[in-house]
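Close look at the chain arrangement
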Amino acid sequence: MKTIHNPFEEKQSIELAVGTFIISTILFMLYIISNGNSMVLIIAWPFALGAIIVNAIMFIHLMDRFIHFPEHRKDIGMKILILLSNITILFFYYLIVMKS
């Protein structure tokens, strides 16, 4: 029996983007609900720094896969766009927090 081998099954990038989006949204809502309590920022800044680093590593990984698997570029490109949209949303949260 012959099995079909799919060389590119990348689910971690979407899980990472959705997970960091949910956690950052919860932290942002806690900050807004607490009327700008600095304790929320003490928790949020290490998470934000870690999320930036991990998302950057995943972006580099996806770009490497984009180059090496030309037959999967459409799927990889969508995952890159999801990851980049997560970064812009987090930047929007950052701007709101810094303006308040």
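Residues numbered from 1 in each chain as written. Predicted model: local features only at pLDDT ≥ 70, side-chain atom pairs only at ≥ 80, totals over all residues. Heavy atoms only, no water.

**As for helix 2 (residues 38-68)**
We apply this condition: Strands here are runs of E lasting at least two residues and helices are runs of H or I lasting at least four, both read from the DSSP assignment and numbered beginning at the N terminus. A helix is expected to reach a length of 1.5 Å times the quantity of its residues less one. Working definition for bend: take the seven residues up to and ending at a residue and the seven starting at it, fit an axis to each, and measure the angle between the axes. Each residue is assigned to one of three classes by its accessible area relative to the maximum for its type, calculated with a 1.4 Å probe on protein chains only: buried under 20%, partly exposed between the two thresholds, exposed over 50%. The definition of a polar contact used here is a pair of N or O atoms within 3.5 Å, where within protein one atom must be able to donate a hydrogen and the other to accept one, and adjacent residues in sequence count solely through side-chain atom pairs.
For helix 2, which comprises 31 residues, the first-to-last C-alpha distance of 45 Å matches the rise-based estimate of 45 Å (1.5 Å per residue) to within 8%. Roughly 30° is the biggest bend found in helix 2, and it falls at Ala44, with proline Pro46 one to four residues downstream. Within the sequence span of helix 2, burial applies to Val40, Leu41, Ala44, Ala51, Asn55, Met58 and Leu62. For helix 2, the N-terminal capping position is held by Asn37, with its side-chain oxygen 3.1 Å away from the main-chain nitrogen of Met39.

**Here we look at the nonpolar core**
Note the cut-off: Think of a nonpolar core as a cluster: buried Ala, Val, Leu, Ile, Met, Phe, Trp, Tyr and Cys residues, connected wherever their side-chain atoms sit within 4.5 Å.
Within the largest apolar cluster, eight residues are counted, these being Leu16, Ala17, Met58, Leu62, Phe69, Ile76, Ile80 and Leu83. Secondary-structure elements contributing two or more residues to this core are helix 1 (12-33), helix 2 and helix 3 (73-99). Here the element with the most residues in this core is helix 3; it accounts for three residues. Grouped together as the second largest cluster of nonpolar side chains are six residues, Phe28, Tyr31, Val40 and Tyr93 included.

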